[in-house]
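Given next are the chains, with one letter for each unit.
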Amino acid sequence: MKRGFTRFVPLVVLAISAVALPLHAQGNGNFCGSSQTMAVKCYVRNALETSTVNLPSGVTTQQYQAYGVAVLRILQSGHTYFMVLGTSAAISDAMPPGNSDGSANQAAQDAAVNSIVDAALTNGLITLPSNVTESQVQEFARDTTDKMDTNDGPSFSPGGVLRLIDSYLVTYTDSNGIVDWTSVNSAMNTAVTNMISSGMVKIPASMTVAQMSQFAVGVAQAIETYKTATNRKSL
């Protein structure tokens, strides 16, 4: 699904507007105010009909409406939304959509976003909001990352955690570029255990140290794939 700022922002605005406005029945037999889901679908449809937004290539109106509803559910999710937001900020900072020689490589960044969201879901760091698919969360994360990529102003370095994880990859990569994943796994497990025991990282009671460690390894794997795709030696 093609993405971009012109697509992401209107859907967020429409989702928020659908929640904020009072519910009321619409004409022509369409009960746009019967639920939040219908409100978002109606707003998306009206936005398309009035050319407020354009339908991305290869996407049907129904898919576009479904994504608008998914955005609403993600915004309402609390923890999942903030986790995705933080992930997008970190990736935008540390894993830009370009190769080491400066040429564009959007696919590498997209793959990193998808992999890290998948690792977060697999290891219980986030959960899917009701009636939202993993691919929709990944799409939302990619859209958010894409917008953050365009920020030309001063900023802090949210990618610091990714660079910390990458430091273990660099340490355990030999002169031929082969990663010793056994050592990386062991080192990541020790690091995560120490950070949790020292209070630097707090996890909910429902999550285990092993899950957090496996998430970190999943992130490391996404980083290595990204570095290979972009010909980077480090983040």
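Scroll up a little and you will see the structure.
These remarks concern the structure in this document. Each chain carries its own residue numbering, running from 1 in the written order of its sequence. Only residues with pLDDT of at least 70 are given local features in this predicted model, and only at 80 or more are side-chain atom pairs given and counted; all residues enter the totals for whole chains, interfaces and linings. Water and hydrogen atoms were dropped before computing side-chain values, which therefore reflect all heavy atoms in the structure.

1. Points about the overall build of the protein chain
Stage number 1. Helix and strand content of the protein chain: nine helices and zero strands.
Stage number 2. Walking the protein chain from its N terminus toward its C terminus, one meets helices and strands in the order α-α-α-α-α-α-α-α-α.
Stage number 3. Whether two residues touch is decided by their heavy atoms; if any such pair falls within 4.5 Å, the residues are in contact. Put simply, 68% of the contacts in the protein chain that link residues at least 6 apart link residues at least 24 apart.
Stage number 4. Split by element, the accessible area of the protein chain, about 12100 Å² in all, is 56% carbon and sulfur. The way it works is that DSSP assigns letters per residue, a run of H or I at least four long becomes a helix, a run of E at least two long becomes a strand, and they are numbered from the N terminus. Accessible surface area values rest on a Shrake-Rupley calculation with a 1.4 Å probe, where residue burial reflects the displayed protein chains alone.

2. Some remarks on helix H3 (residues 61-76)
Stage number 1. One fewer than the residue count of a helix, multiplied by 1.5 Å, yields its expected span. Its 16 residues give H3 an end-to-end C-alpha distance of 23 Å, which sits within 8% of 22 Å, the value for a rise of 1.5 Å per residue.
Stage number 2. Type-normalised accessible area, obtained with a 1.4 Å probe on protein chains alone, sets the label of each residue: buried when under 20%, exposed when over 50%, and partly exposed for intermediate values. Among all positions of H3, only Tyr64, Gln65, Tyr67, Gly68, Val69, Ala70, Val71, Leu72 and Ile74 are buried.

3. Description of the packing of helix H2 (residues 36-49) against H3
Stage number 1. Under this scheme, a helix contributes an axis fitted over its contacting stretch, all axes are lines through C-alpha atoms, and angles between N-to-C directions fall in the 0 to 180 degree range. Remark: H2 packs on H3, axes separated minimally by 9 Å, with the N-to-C direction vectors making an angle of 130 degrees. Between H2 and H3, the crossing angle belongs to the class labelled oblique. Pair H2 / H3 crosses with right-handed handedness. Contact with H2, carried on its side by Gln36, Thr37, Val40, Lys41, Val44, Arg45 and Leu48, involves Thr61, Tyr64, Gln65, Gly68, Val69, Leu72, Arg73 and Gln76 of H3 and no other residues of that element. Angles below 35 degrees are treated as roughly parallel, those above 145 as roughly antiparallel, those between 65 and 115 as roughly perpendicular, and all remaining angles as oblique. In a left-handed crossing the near helix is turned counterclockwise from the far helix by less than a right angle, and in a right-handed crossing that turn is clockwise.

4. Comments concerning the nonpolar core
Stage number 1. Membership of the largest hydrophobic core comes to 42 residues, with the highest contact counts inside it found for Met95 and Leu162.
Stage number 2. If you list the elements that add at least two residues to this core, you get H3, helix H4 (79-94), helix H5 (106-122), helix H6 (134-149), helix H7 (160-171), helix H8 (181-197) and helix H9 (209-230).
Stage number 3. A per-element tally of this core places H9 first, with nine residues.
Stage number 4. Apart from residues lying up to four places away in sequence, leucine 162 is in contact with Ala90, Ile91, Ala94, Met95, Ile116, Val219, Ile223 and Leu235. Definition used in this section: a nonpolar core is a set of buried Ala, Val, Leu, Ile, Met, Phe, Trp, Tyr and Cys residues joined via side-chain atoms within 4.5 Å.

5. Some details on the pattern of salt bridges
Note on pairing: side chains with opposite charge can pair once their charged atoms come close.
Stage number 1. Note on definitions: salt bridges are taken to be side-chain nitrogens of Lys or Arg within 4 Å of carboxyl oxygens of Asp or Glu. If you walk through the whole model with that rule in mind, you get five salt bridges.
Stage number 2. Measuring nitrogen to oxygen at the nearest pair gives 3.9 Å for the salt bridge that ties glutamate 49 to arginine 45. Placement of both glutamate 49 and arginine 45 in helix H2 is noted, with a separation of four residues, approximately one turn of the helix.
Stage number 3. With a relative accessible area of 58%, glutamate 49 lands in the exposed category.

6. Structural notes on the side chain of threonine 230
Stage number 1. Here threonine 230 shows up in helix H9.
Stage number 2. Exposure remark for threonine 230: the relative accessible area of 0% places this residue in the buried category.
Stage number 3. N or O atoms closer than or at 3.5 Å make up a polar contact, with two conditions inside protein: a donor-capable atom paired with an acceptor-capable one, and, for residues adjacent in sequence, both atoms drawn from side chains. At 2.8 Å, the side chain of threonine 230 and the backbone oxygen of tyrosine 226 are in polar contact.
Stage number 4. With near-sequence residues (within four places) excluded, threonine 230 lies in contact with Gly98, Asn99, Ser100, Asn105 and Ala108.

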